[in-house]
Each structure stands twice: as C-alpha cells, then as structure tokens.
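Coordinates in review
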Amino acid sequence: MSSTTPQGLTRFNTVDASEAQAALHEVCASRAWGSKLLARRPYATTDALFTASDAATAELSAEDLAEAMAGHPPIGRPKAGDPTSNREQSGMAGASDDLKAEMLELNLAYQEKFGHVFLICASGRTGEQMRDAVRNRIDNTPEQEREIVRVELGKINRIRLNRIAEGDPA
C-alpha cells in the first residue's frame, strides 16, 4: 500500500475479519452490505472504500434495507450512550420542546405508514430541516421512499466509513 493510505484504513485492511465485520456493523446494520465490503478488502484508498460501499448499498434488497434501518434510532431520540448517534443527531439537541414533540409525532406517523424509522443523513441539519424533510417525504409512495432511504443510507455510511478510514474513535 502507498504511504498515502490513511492510518485508519490501513488498520481496517489488516485487522482480522471478525473485528472488521464488527466495525462495519457499527457503520451499517445490514449484514449483506457488511459482507460485501469485507470481501473486497484491502482498500487502497478511502475513495475505493466509498465506491465499494456505494455499490453494496445500491444492491441492497428491501429486506437488507430494512435490516440497515433497524440499526438507526428515530430522529430526536439518539441511542443512549452512543456517541455516533448523538453526534449525527446534534441538530435536534437544542430543539425546542415543541419541535421535539412534533418530530416524535411525525416519526410515529412515518413509521406507521412505511414500517420503519424515518432515515435521513442528519449530520449538519437543523431540527427544523429534519422536520421539514419528514413532512415532505411522508406523502411518498413506499417505492419512492425506499429509494430516498437508499440514498440517505449511502450518505450516512460514507460519513461513518470516513471516520474509520481516518482512525477517529466512535
């Protein structure tokens, strides 16, 4: 490997398969996605890792997407003690009680309609932007929503994979 390979990516490429699989599961709960990325190690660059992730995400079945979404908490309710979840949903941290209550209501309506959590790449978004997104997406068909979820999942996976490649904890 070249000396330009980020330290975290070098580590990811060389750890045993079970440790790499565990790291991938923290990125995305889909076993199919993780298996595809694991099988393609080693990665020479972060871009190669992203390309593999994008391809694996594009190939996820409806069941695989459901498995991936099951690993994500609802917007406004990050997993307790999970620094990744808290960091990604930081836009809701300072939200008013009214906005938090509205997000809870919208999340429940969305979940009732689609059968899964509302998934959005929340990094860098305000609580209001996330609320507006769920309002806009709740009228989608299940097919439209599944493809939007696939795109959002891909964005989330890239952010999380970049943290692995750069060697950032959590």
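Heads up: the structure comes first, above all this text.
We now turn to the structure provided with this report. (Residues numbered from 1 in each chain as written. Predicted model: local features only at pLDDT ≥ 70, side-chain atom pairs only at ≥ 80, totals over all residues. Heavy atoms only, no water.)

**Here we look at the packing of aromatic side chains**
One pass over the structure, following the stated rule, counts 3 aromatic pairs. Look at Phe-12 and Tyr-43: their rings are 6.4 Å apart centre to centre, the planes differ by 25°, and that puts the pair in the stacked class. Of the two residues, Phe-12 sits in helix α1 (residues 7–14) while Tyr-43 sits in the loop between α3 (31–39) and α4 (46–58), which places them 31 residues apart along the sequence. For Phe-12, a relative accessible area of 3% translates into the label buried. Here Tyr-43 falls in the buried class, since its relative accessible area comes to 3%. Aromatic side chains Tyr-110 and Phe-114 sit 4.6 Å apart centroid to centroid with 45° between the ring planes, which places their arrangement in the tilted category. Note that Tyr-110 and Phe-114 are positioned in helix α7 (residues 97–114) at a spacing of 4 residues, about one turn of the helix. Relative accessible area serves as the criterion here: at 0%, Tyr-110 is assigned to the buried category. Of note, Arg-41 hangs over the ring of Phe-12, and the distance from its end group to the ring centre comes to 5.7 Å. (Phe/Tyr/Trp six-rings, centres within 6.5 Å; stacked < 30°, edge-to-face > 60°. Helix = DSSP H or I, 4+ residues; strand = E, 2+ residues; numbered from the N terminus. Buried < 20%, exposed > 50% of the residue type's maximum accessible area, 1.4 Å probe, protein only. Lys NZ or Arg CZ within 6 Å of the ring centre and 35° of its normal.)

**Brief notes about the pattern of salt bridges**
If you walk through the whole model with that rule in mind, you get 11 salt bridges. The shortest N-O distance in the salt bridge between Arg-137 and Glu-145 comes to 2.4 Å. The class for Arg-137 is buried, based on a relative accessible area of 7%. Classification of Glu-145 by relative accessible area gives buried; the value is 0%. (Salt bridge = Lys/Arg side-chain N within 4 Å of Asp/Glu carboxyl O.)

**Quick look at the side chain of Arg-150**
Topologically, Arg-150 is positioned in helix α9 (residues 142–166). Since its relative accessible area comes to 13%, Arg-150 is described here as buried. If near-sequence neighbours (up to four positions away) are discounted, Arg-150 is found in contact with Thr-57, Ala-58, Glu-59, Leu-60 and Leu-65. (Contact = heavy atoms within 4.5 Å.)

**Considering the environment of Glu-88**
Locating Glu-88 in the fold gives a position in helix α6 (residues 83–88). The exposure class assigned to Glu-88 is buried, which follows from its relative accessible area of 10%. As for Glu-88 and Arg-146, which are separated by 58 residues in sequence, their C-alpha atoms are 21 Å apart. Sequence-distant contacts of Glu-88, defined by excluding residues within four places in its chain, comprise Ala-122, Ser-123, Ile-156 and Arg-160.

**Quick notes on the packing of helix α2 (residues 17–27) against α3**
Following both chains from N to C, one finds α2 and α3 inclined at 135°, their axes separated by 9 Å at the closest point. By the angle between their axes, α2 is oblique relative to α3. Note that α2 runs across α3; the crossing there is right-handed. Where α2 abuts α3, its residues Ala-17, Ala-20, Gln-21, Leu-24 and Val-27 lie against Trp-33, Gly-34, Ser-35, Leu-37 and Leu-38. Residues that form the contact of α2 with α3 fall into these classes: 7 nonpolar, 3 polar and no charged. (Axes fitted to C-alpha atoms, helices over the stretch in contact; angles between N-to-C directions. Parallel < 35°, antiparallel > 145°, perpendicular 65-115°, else oblique. Left-handed = near helix turned anticlockwise from the far one by under 90°. Nonpolar A, V, L, I, M, F, W, Y, C, P; charged D, E, K, R; others polar.)

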